[in-house]
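# Chain and residue survey
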Amino acid sequence: MSGSNGYSNGSNGSHGSNGFAMELRSVTKRYGSVTAVNAVDLQIRDGEFLTLLGPSGCGKTTILRLLSGFEVPDEGQVVLAGGDVSHVPPHKRDVNQVFQSYALFPHLTVEGNVAFGLRMRGVDSSEIKTRVKDALDLVALDGLGSRRTSELSGGQRQRVALARALVCRPKVLLLDEPLSALDAKLREMMQIELKRIQQRLGITFVFVTHDQEEALTMSDRIAVVNKGRIEQIDAADEIYEHPATAFAADFVGAANLVRGEVLAVRNNGQCEARIGEGAVVLFRGEGIAADCADVLLSIRPEKIHLSDSSEGLMGAFPGAIEDVIFRGAFAELRILLEGGSALRASVANASAHKRSWRKGDRVWCSVHHDDIVVVDRH
Ligand code: ADP
Ligand code: MG
């Protein structure tokens, strides 16, 4: 075991695996006529915090079960530290899972729950004692070892489940929506704490959630999952600034997805497209053919700049404010463009002297060409 605390340290734990803790290679999993996971390629880096983010039913749990060994792929391979483990049962993989329901043993104490896996493996009792104590310290449950789990709060049970998974020192820890049963405050606290534990131990975490804010808060990288496929995998800010698909744009943050009729493709890679009557925008259109008829564009609400006049603005287009929703730190506006299409914009409530917009105001909109992104229409 590497690492001074006795837990495996992912950053120096690769065994001829090209720096990947685990991989899925063209993995497909079907349940009858449902393809839960569809030809997925996934490379999980040693020591990273990777989040699988997607709506209910998109295949997140199935991907975790393929990684843990509770499911066997119909096609493709599951690779752990460079070796094919597709048919290796869960208890023989250096992988542990924390379940959504915690799955604690109610008749055992906290210590008994955490020690269980080590007892099954025949670890000797003095080592069990030390390791259980270390694990309980790590999740801030020191002193509660002799409690029954039925006497614990939801948050404390969550910590026991985590300690029980960590005490076996897995290379990879899989967490399936582990915070979904906690109330908002506790959940935020646990997000920060989980991230801290992961960084301290250097264990590879694969974390599942349907909550985009949770994914943005915790992850080194996010894999956006939709209908059994991974649509995009990248750092949170990369996905936010450069969504690859309409689904990714809409699921990670808010997005205006607008059809653009291509008017011109310039030599410098810039494109010109009409997004409504009287609204022509410029954007980087690398890879767009000159005869391309139309494109789908993603524009984040906060990237739309609003002004009283078009003076000095390149490519500004007019609209009318149809609705204003006050949200405290910012306001959400709905802007009607000529010809009937609409955009959502958000304006920070930064200063008392700032112009505030009202329903019915005429407005000029402009968007920097880097803030308009061409997306695939998934
Ligand atoms: P998620 O965790 O993202 O909500 P799942 O991986 O649980 O999604 O499910 C993906 C798809 O596979 C869903 O359509 C679900 O109904 C189906 N599915 C999952 N497990 C089973 C199963 N054991 N038997 C039949 N269908 C299943
Ligand atoms: Mg699930």
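Residues numbered from 1 in each chain as written. Chains lettered and ligands numbered in written order. Predicted model: local features only at pLDDT ≥ 70, side-chain atom pairs only at ≥ 80, totals over all residues. Heavy atoms only, no water.

## A word on the packing of aromatic side chains
The cut-off we apply is this: Pairing of aromatic rings covers Phe, Tyr and the six-membered ring of Trp, with a centre-to-centre limit of 6.5 Å; geometry is then stacked below 30 degrees between planes, edge-to-face above 60, and tilted otherwise. Secondary structure elements are defined from DSSP: runs of H or I of at least 4 residues count as helices, runs of E of at least 2 residues count as strands, and each element is numbered from the N terminus. Type-normalised accessible area, obtained with a 1.4 Å probe on protein chains alone, sets the label of each residue: buried when under 20%, exposed when over 50%, and partly exposed for intermediate values.
All chains considered together, the criterion is met by 4 aromatic pairs. Centroid distance Phe49 to Phe205: 5.6 Å. Interplanar angle 40°. Geometry classified as tilted. Residue Phe49 is located in strand 3 (residues 49-53), and its partner Phe205 is located in strand 8 (residues 204-209); the two are separated by 156 residues in the primary sequence. Owing to a relative accessible area of 0%, Phe49 belongs among the buried residues under this scheme. Ring centres of Phe247 and Phe251 lie 5.3 Å apart, and the angle between their planes is 15°; on these two criteria the pair is classed as stacked.

## Structural notes on the environment of Gln158
Our working rule: The contact criterion used throughout is that any non-hydrogen atoms of two residues lie within 4.5 Å.
Within the fold, Gln158 resides in helix 4 (residues 154-166). Residues Gln158 and Gln270, spaced 112 residues apart in sequence, show a C-alpha to C-alpha distance of 51 Å. Non-local contacts of Gln158, meaning those with residues more than four positions away in its chain, are made with Val98, Tyr102, Pro178, Leu179, Leu182 and Met190.

## What to know about the environment of Ser26
Structurally, Ser26 is set in strand 1 (residues 20-31). Taking the C-alpha atoms as reference, Ser26 lies 44 Å from Leu337; in sequence the two are 311 residues apart.

## A few points about unusual backbone geometry
A positive phi is found at Ala81, a non-glycine position, where the angle reads about 45°. Using a relative accessible area of 26% as the deciding quantity, one classes Ala81 as partly exposed.

Any functional reading would require information beyond the geometric quantities listed.
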